[in-house]
Amino acid sequence: MNAQTAAGATATPFLAELQTLEQCRERIDRAWPLMTELYPVCRSITGAGVRMTLERVAAGIPLEITEVPSGTPVFDWEVPREWNIRGAWIDDENGRRIVDLRDHTLHVMSYSTPVDAVMTLDELKPHLHSIPEHPDWIPYRTSYYRENWGFCLSHRVLAGLRPGNYRVRIDSSLEPGSLTYGECVIPGTSSDEFLVFTHVCHPSLCNDNLTGIALASTLAAGIRASARPRLTYRFVFGPGTIGSIAWLARNESRVDRVRFGLVLGLAGDRGPMTFKRSRRGNADVDRIAEYVLRTAGTQGRVIDFSPYGYDERQLCSPGFNLPVGRLTRTPNNEYPEYHSSADNFDLIDRDALAESLAASARILRIAERNTRYVNLNPKCEPRLGKRGLYGATGGRHPGEFEHALLWILNQSDGSQSLLEIAEKSGLPFELIAAGADALLGAGLLRPENT
Amino acid sequence: MNAQTAAGATATPFLAELQTLEQCRERIDRAWPLMTELYPVCRSITGAGVRMTLERVAAGIPLEITEVPSGTPVFDWEVPREWNIRGAWIDDENGRRIVDLRDHTLHVMSYSTPVDAVMTLDELKPHLHSIPEHPDWIPYRTSYYRENWGFCLSHRVLAGLRPGNYRVRIDSSLEPGSLTYGECVIPGTSSDEFLVFTHVCHPSLCNDNLTGIALASTLAAGIRASARPRLTYRFVFGPGTIGSIAWLARNESRVDRVRFGLVLGLAGDRGPMTFKRSRRGNADVDRIAEYVLRTAGTQGRVIDFSPYGYDERQLCSPGFNLPVGRLTRTPNNEYPEYHSSADNFDLIDRDALAESLAASARILRIAERNTRYVNLNPKCEPRLGKRGLYGATGGRHPGEFEHALLWILNQSDGSQSLLEIAEKSGLPFELIAAGADALLGAGLLRPENT
Amino acid sequence: MNAQTAAGATATPFLAELQTLEQCRERIDRAWPLMTELYPVCRSITGAGVRMTLERVAAGIPLEITEVPSGTPVFDWEVPREWNIRGAWIDDENGRRIVDLRDHTLHVMSYSTPVDAVMTLDELKPHLHSIPEHPDWIPYRTSYYRENWGFCLSHRVLAGLRPGNYRVRIDSSLEPGSLTYGECVIPGTSSDEFLVFTHVCHPSLCNDNLTGIALASTLAAGIRASARPRLTYRFVFGPGTIGSIAWLARNESRVDRVRFGLVLGLAGDRGPMTFKRSRRGNADVDRIAEYVLRTAGTQGRVIDFSPYGYDERQLCSPGFNLPVGRLTRTPNNEYPEYHSSADNFDLIDRDALAESLAASARILRIAERNTRYVNLNPKCEPRLGKRGLYGATGGRHPGEFEHALLWILNQSDGSQSLLEIAEKSGLPFELIAAGADALLGAGLLRPENT
């Protein structure tokens, strides 16, 4: 990536501090406290946990907070009541505390209704959830739309429970309130938008999705620190599913501005980077992400769209069909620690997370710069010599930069983007972008749309 | 196929008794007498043999018989005179009978003109046909459009003939009459047609084409026993080439109703099932048949259209270009027994024939059910839970049916057929069809064209 | 190629004497003196060398000569001053001649300005060019657009030079004059053109490009000796780059007549034949050349367009985007002897050159004959028998010619060219062309555009 980056440094100052793996690693280290501080917060799709999370994110980047009242209809759904929890525990008849929310936010099933009762083990058991194959892990369970309560605990503890009476207490509330999401918008010279969506509703799960929150925050901070971009960037931090549904409902009239999009998450495990195509399959973001993964030098893979996963389900529903792909490492459901207490900091590799940051930053950089140009001297080659471009240097070996110029001139009939020229020529995108800058400077190109 | 069929049983009651290999095998056993009774009949492209054949078929399904008079112009051709034969034999000078039509219908060249003469072996020989490489087999020869006569016999007999005088007798007639074909039409709720064509002109050849006749009859009987179908089904039993030409000439103004079609034949040998694409190459029937062969669990193969073979030559001529493919096992000319007396019941494997029946029935079932739908709640996912569809079962494992629902909802923008959704999702067509039924029931879909 | 050619002989009398490798080899032998006589001429992009070269070519075919005055603007360029050279040498201080243009035309850098001076070895050295890795070879250097002078010599000689004073003389002139190119146009019945461009500016380099000159001359002579062709053929013999730029500038209003084109050169080395696609990538000439190389029985390869090489750079610039591909054996820069004195007759294999001739002639023949037809009897097959075409012979085995007829009839709906039919059917183009002739004769086809 070094040579490409060297050329890219000239061509694309945008997100300049996120160009090398070293720079990305340094930014991941700086984002680490955000993750460690957010880890203990008991988040759900509504309530104090989400608000605390967004407040912490807002320490790094400006966030506009939206509260959508419970009961608001959002397409086929309605915003649920707000859930808050103060404590939850089980004592055995000797007063020994078996399970306590204070030990782990996963111990209580999300959206559990209040309980204060004594019951036998047989009565309790249907409300207890564990993972027999991983007896030390606590599972993650929710019951957002069916009133219920439950505890999650390690199978080892569950298996040790003896018959008897148990005192069960869940001090929660499920009351009219609101659903909360936050947005950081960085206006560009164009109203065309790049949308980044990351979910903020999971409690103490690290890969899913403190890594997504960290990535999105770092990217947003990086763009704000760059010169004004061409595209408008919109980062949405919202609860999964109902959050993107609510966001879409409130933004229905303007989503046609979204020209690129990424759902970010599950970004720090050691699995290969995985780009999931948008429903369109051939949107610009699909092509860019495929190029980035293919040329990253790491083992990335690209998979087709399917209608399960995270918020791409809603963003890519047929009534919207937005050009939004998803970038993760190992996808949901495909790693054993998924949705359990084992999705903790041990699962995270800082270099892997840095690599995810580098890939997502490069996707943004290419989207930012991927114009189509028109050669203003299309009949025969122009004389590069009289413009000081013959023998110009800048590539990885003599002649490479000049080859880039010839490729751009030959292909720029308004139909080919710089990325398409990079793919056809086999030259790095950043070198092609630098070549386009040189030709723009020499008055030999104009952007296609002007 | 079991799980698929289980789902399919709910989704597509059409041809319900032809869903499993066992059911198909049972129907083949029931069709066996049709084949054994038709085997000894001396058929040709016109005459009593064809009429007897159609009469026997009409014992199982209603057939509308059409007689096209000799001399009728049919495009570039005209219907030939009618050929009938009462007997044919050769005696040597000792009165020993060398060849007798009563022993095998292949002994006389089809459309042989009458002969009653004594001639030397040298005079006779140009009229004798055998297969030196297979000395025990009798070849099948015809001379429809050039007046001639001939005998076909085993090379062993031919090689044993000694010089001398032979008495030769062919008691045939070639006179104005008519060409006969039969049709069984089963009206559907739509005038869109599925055309099945099978040739009935070959004498005692078993694979070619008693198997095709048996298959078509069984399918027609099966559809008649089902509830009224969506498509109109038209089964044509006609002589090869001139039969399809005559049929096309008489139906020219209405062939645009044919939306799907199959030429059926050579369906019982032990070779792999072979689907030959229509001239269009990408007609719905091509896609359906490819899917059926690919998912059948047997070794099927799909080959491109070429302008030789059976009646697809006419149906796919450029002036018609009908969406008609061809389903056989080993194609014409590609098995040694082809067009010889060795194409007899020994060549036929009842299980292979049952498999051909299962495949063709599934092609019809998918054509019947392969609608495009429009999601009536296209913006974000609808809530399945409030419609009793969340966690609904029906697939091969938990969650599979729900996945089918999500795929259908996501893809149903009116452009994707259920088959395309099945292919994209990797889920069985029958499960997708069952899912579409459930969503129709919940008011979440409408067919694309209404 | 024999059987194909046999059929082709009937179908395409065009270039009849260039159908077999033997015929092509015989024509290469006849073109050999052209190459040996042109070898010693000191050519450049302008001047007496080019004029002598074109005069010699004109001994075999009529050439229309164009002189474009120095200073004429041609798109972004202008025609340079004319360069002529009478002598060039270096003597050491003992009067020993180190280098002499009379020994090899490569010894002087093309477009060297006049010099007459004594200088030290240190002063001289920046003007001396050699190839250290190949110490016996003289490199080929030019400096058309930056005033400079230089000598090229073997590294062995260069390395032996001892310090001292050297007398240096270049007796050249760089003065207003003109740029010269020649054209041989053979009018066809249509104004659609096949353009062949070959460069004539290189001095004593054999593969690059006496082979191209020989090939183009032989093809032009061959077409002139055939019956009047359908296409109009235009052979341009011009200097590289500035020659094609000047030609395009003078023919801008009529280049839309160019329907096919080939840049020819580097045709005699032992490397595999290489077709470089036009910028369009799917022009008719691309498809034809791919077919010819694929079916030639030799190891040809097809590569994508790239904007470096020879005159395809200009002909395929986006403002023209002509359907012009390039046929060479080993491309420029990809063989060690390229642009050195080792590109001499030792590098040339007469059989390889004959093969290049055969391939280019076949490309022309297919272009000439590659019509789309309409079947005038499109509904069902026509009866071949009543037109004497049933059982007609002409292919490599019985039935092949009839298969060709069936393929043509089936595919000829006006959308498929004979080449597309050849590719689909797997039958040789020449057999398909012969079949089309037979069907035209029987009144069963008409050309698509009439």
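Cut-offs used in this document
Along each chain, residues carry numbers from 1 onward, in the same order as the chain's sequence is written. The lettering of chains begins at A and the numbering of ligands begins at 1, in the order of writing. The model is predicted, so local features are restricted to residues of pLDDT at least 70 and side-chain atom pairs to those at 80 or more, both for listing and for counting; the totals for chains, interfaces and linings are taken over all residues. Helix numbering and strand numbering both begin at the N terminus, where a helix is a DSSP run of H or I of at least 4 residues and a strand a DSSP run of E of at least 2. Put plainly, a residue is buried at 20 or more neighbouring C-beta atoms within 10 Å of its own, exposed at 12 or fewer, and partly exposed in between, counting only other residues' C-beta atoms, which are placed from the backbone. A pair of residues counts as a contact when their C-beta atoms, built from backbone coordinates, are separated by no more than 7 Å. Amino acids outside the nonpolar list (Ala, Val, Leu, Ile, Met, Phe, Trp, Tyr, Cys, Pro) and the charged list (Asp, Glu, Lys, Arg) are all regarded as polar, and Gly is one of them. Between the N-to-C directions of two axes lies an angle of 0 to 180 degrees, each axis being a line fitted to C-alpha atoms and, for a helix, fitted only over the stretch in contact. Here the angle decides the label: under 35 degrees means roughly parallel, over 145 means roughly antiparallel, 65 to 115 means roughly perpendicular, and every other value means oblique. We call a crossing left-handed when the near helix sits turned anticlockwise from the far one by less than a right angle, and right-handed when that turn is clockwise. An automatic or database domain assignment supplies the residue ranges for each domain. Strand pairing is assigned whenever DSSP identifies at least 2 bridges connecting the two strands.

## What to know about unusual backbone geometry
Part 1 of the reasoning: Of the consecutive residues B:D208 and B:N209, the connecting peptide bond is found in the cis state with omega at 25°.
Part 2 of the reasoning: With respect to the helices and strands, B:N209 occurs in helix 6 (residues 206–225).
Part 3 of the reasoning: Of note, the phi angle at A:C380 is positive, near 65°, even though the residue is not glycine.
Part 4 of the reasoning: By the secondary structure assignment, A:C380 is in the loop between strand 17 (372–375) and helix 11 (400–411).
Part 5 of the reasoning: Exposure remark for A:C380: the 24 C-beta atoms within 10 Å place this residue in the buried category.

## Comments concerning the interface of chain A and chain B
Part 1 of the reasoning: Each partner contributes to the interface: chain A provides 15 residues, whereas chain B provides 15 residues.
Part 2 of the reasoning: Where the side of chain A that touches chain B is concerned, the elements lending two or more residues are helix 7 (242–250) and helix 9 (312–315) of chain A.
Part 3 of the reasoning: Grouping the amino acids of the side of chain A that touches chain B by side-chain chemistry returns nine nonpolar, three polar and three charged.

## Quick word on the packing of helix 12 (residues 418–425) of chain B against helix 13 (residues 429–441) of chain B
Residues and elements named next belong to chain B.
Part 1 of the reasoning: Here helix 12 crosses helix 13 at 120°, and the two axes come no closer than 9 Å. Of the possible angle classes, the one that applies to helix 12 and helix 13 is oblique. As helix 12 packs across helix 13, the resulting crossing turns out to be right-handed. On the side of helix 12, the interface is formed by L418, L419, I421 and A422, while helix 13 contributes F429, I432, A433 and A436.

## Considering the domain arrangement of chain A
Residues and elements named next belong to chain A.
Part 1 of the reasoning: Taken as a whole, chain A is organised into domain 1 (15–79 + 179–369), domain 2 (82–175) and domain 3 (372–447).
Part 2 of the reasoning: Here domain 1 and domain 3 have C-alpha centroids that lie 34 Å from each other.
Part 3 of the reasoning: Across the contact, five residues belong to domain 1 and five residues belong to domain 3.
Part 4 of the reasoning: Those elements that provide at least two residues to the side of domain 1 that touches domain 3 are helix 8 (284–295) and helix 10 (350–369).

## Brief notes about the pairing of strand 17 (residues 372–375) of chain B
All names here are of chain B.
Part 1 of the reasoning: Across the two faces of strand 17 the burial differs, with Y373 and N375 buried and R372 and V374 not buried at all.
Part 2 of the reasoning: Relative to strand 18 (residues 413–417), strand 17 runs antiparallel, the two being bridged by two bridges. Among the inter-strand pairings, R372 is bridged to a residue of strand 18, identified as S417.
Part 3 of the reasoning: When strand 17 meets strand 19 (residues 445–447), the two strands line up antiparallel, connected through three bridges. Bridge assignment links N375 to a residue of strand 19, and that residue is L445.

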